[in-house]
Amino acid sequence: MMGYYILIGAIALVSWLVSSRLKSKFKHYSKVHLQNGMSGAEIAQKMLDDHGIRDVKVISTPGMLTDHYNPKNKTVNLSEGVYNQRNAAAAAVAAHEVGHAVQHAQAYEWLTMRSRLVPIVSVTSGMSTWVVFGGLALGAAAGVGFGYWVAVAGLVMMAFATLFSFITLPVEYDASNRALAWLKQKNVVTQQEYKGSEDALKWAARTYLVAAIGSLATLVYWGLQVFGGRD
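The rules behind the values
- Residues numbered from 1 in each chain as written.
- Predicted model: local features only at pLDDT ≥ 70, side-chain atom pairs only at ≥ 80, totals over all residues.
- Heavy atoms only, no water.
- Core = buried A, V, L, I, M, F, W, Y, C linked by side-chain atoms within 4.5 Å.
- Buried < 20%, exposed > 50% of the residue type's maximum accessible area, 1.4 Å probe, protein only.
- Helix = DSSP H or I, 4+ residues; strand = E, 2+ residues; numbered from the N terminus.
- Contact = heavy atoms within 4.5 Å.
- Expected span 1.5 Å × (residues − 1).
- Polar contact = N/O pair within 3.5 Å; in protein donor to acceptor, adjacent residues only side chain to side chain.
- Salt bridge = Lys/Arg side-chain N within 4 Å of Asp/Glu carboxyl O.
- Axes fitted to C-alpha atoms, helices over the stretch in contact; angles between N-to-C directions.
- Parallel < 35°, antiparallel > 145°, perpendicular 65-115°, else oblique.
- Left-handed = near helix turned anticlockwise from the far one by under 90°.
- Pairing = 2+ DSSP bridges.
- Patch = residues over 30% accessible without salt bridge, like charges linked within 9 Å, V, L, I, M, F, W, Y side chains within 5 Å.
- Areas by Shrake-Rupley, 256 points an atom, 1.4 Å probe, with all protein chains shown as cover.
- Phe/Tyr/Trp six-rings, centres within 6.5 Å; stacked < 30°, edge-to-face > 60°.

Draft legend 1. Structural view of the nonpolar core. Counting 44 residues, the largest nonpolar core has I43 and V76 as its most contacted members. Looking at this core, the elements that each hand over two or more residues are α1 (2–29), α2 (40–50), β3 (75–79), α4 (88–105), α7 (146–185) and α8 (191–227). At eleven residues, α4 tops the list of elements feeding residues into this core. Excluding its chain neighbours within four sequence positions, the residues that come into contact with V76 are V56, K57, V58, I59, H68, Y69, E97, V98 and A101. In this structure, Y148, L155, M158 and L219 belong to the second largest nonpolar core, which totals ten residues.

See below:
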């Protein structure tokens, strides 16, 4: 158990370091102003237009780094800073979120898989640990019985969340690749601005990688608690 706590502690530390580095990078590249003078909203709209996507709206959403694409109502939601700002960080985020809209329009298989998991994960992720813990309290480790099957049900719930976090990786990396390719091909940014956008998205992707590893570590730990204690 001590080894698990050390691992989780290490993952939490790495997650904090990556998150802090990401915020630092975005703060730095927010000072790299675009020569074309375009705002994040304008860049997002141009990328949508260039891909022939006419049914997606670009809107502003409150908060910092709250940017996301909503496939249900087909909206690219940009945080206030990204929506209005005209810098390399805003360009990177705006193009990345439109990258998800392009994935949706082209029925990108990994995005489709993730979308199908959303209803399941939204219900099970918050209760999975409690279900496993409840099963263990009912004696799951002692043998096959009611408590065991309760714990297994919790592990299945947890497995869906872990699967979701790993499916998210290709979705996020692909959106960034689409964004960077478009920024470069359309000469939306200069070479220096492009490097800033690329670096910012690289650190953003690492936050998803750390989250996926943490989710897997948690699943393995609880799996060992359920199955490892049995004769």
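Draft legend 2. Region of interest: α4. In this model, α4 (18 residues) spans 25 Å end to end at C-alpha, consistent with the 26 Å of a helix rising 1.5 Å per residue. Counting buried residues in α4 gives 16 out of 18 residues, a clear majority hidden from the surface. Capping the start of α4, N87 holds a side-chain oxygen 3.2 Å from the backbone nitrogen of A89, two or three residues further along. Among the residues trailing α4, A107 stands out with phi positive, at a value near 55 degrees.

Draft legend 3. Focus on the pattern of salt bridges. All told, the structure shown has eight salt bridges when counted by the stated rule. With its nearest N and O atoms 2.6 Å apart, the salt bridge here joins K74 to D55. Here K74 is found in the loop between β2 (68–70) and β3, whereas its partner D55 is found in the loop between α2 and β1 (57–61), with 19 residues between them in sequence. On the accessibility criterion, K74 (30% relative accessible area) is partly exposed. Linking K202 and D199 is a salt bridge whose minimum nitrogen-to-oxygen distance equals 3.2 Å. With a gap of three residues between them, K202 and D199 both fall in helix α8, about one helical turn apart. Put simply, K25, D199 and K202 are held in one network by salt bridges that share partners.

Draft legend 4. How the structure looks around the packing of α4 against α8. At a minimum axis distance of 8 Å, the contact between α4 and α8 shows a crossing angle of 60 degrees. Relative to α8, the element α4 lies oblique. Here α4 runs over α8; the crossing is right-handed. Residue-level inspection shows A88, A91, A92 and H96 of α4 in contact with α8, the latter providing E193, S197 and L201.

Draft legend 5. Looking closely at the sheet that holds β1. Spatially, three strands are ordered β1-β3-β2 in an open sheet, and the strand pairing comes out mixed. A single partner strand is all that each edge strand has here, and the edge strands are β1 and β2. Averaged over all pairs of adjacent strands, the angle between their axes in this sheet comes to 30 degrees, without regard to strand direction. Of the strand pairs in this sheet, β1 and β3 are connected by five bridges, and their pairing is parallel. Among the inter-strand pairings, V58 is bridged to a residue of β3, identified as V76. Here α2 sits on the sheet in contact with β1 and β3, set at roughly 155 degrees to β1.

Draft legend 6. Region of the structure containing a nonpolar patch on the surface. A surface patch of nonpolar side chains, amounting to about 340 Å² of accessible area, comprises F166, L216, V220 and L224. Take the nonpolar patch: its biggest share by element is three residues, from α8.

Draft legend 7. Structural view of the packing of aromatic side chains. Applying the stated criterion across every chain yields a total of three aromatic pairs. Here Y148 and W149 contribute two aromatic rings whose centre-to-centre distance is 4.9 Å and whose plane-to-plane angle is 75 degrees, an arrangement assigned as edge-to-face. Centroid distance Y148 to F227: 6.2 Å. Interplanar angle 70 degrees. Geometry classified as edge-to-face. Residue Y148 is located in helix α7, and its partner F227 is located in helix α8; the two are separated by 79 residues in the primary sequence. Residue classification places Y148 among the buried residues on the basis of a relative accessible area of 9%. Of the aromatic side chains, those joined through ring pairs into one cluster are Y148, W149 and F227.

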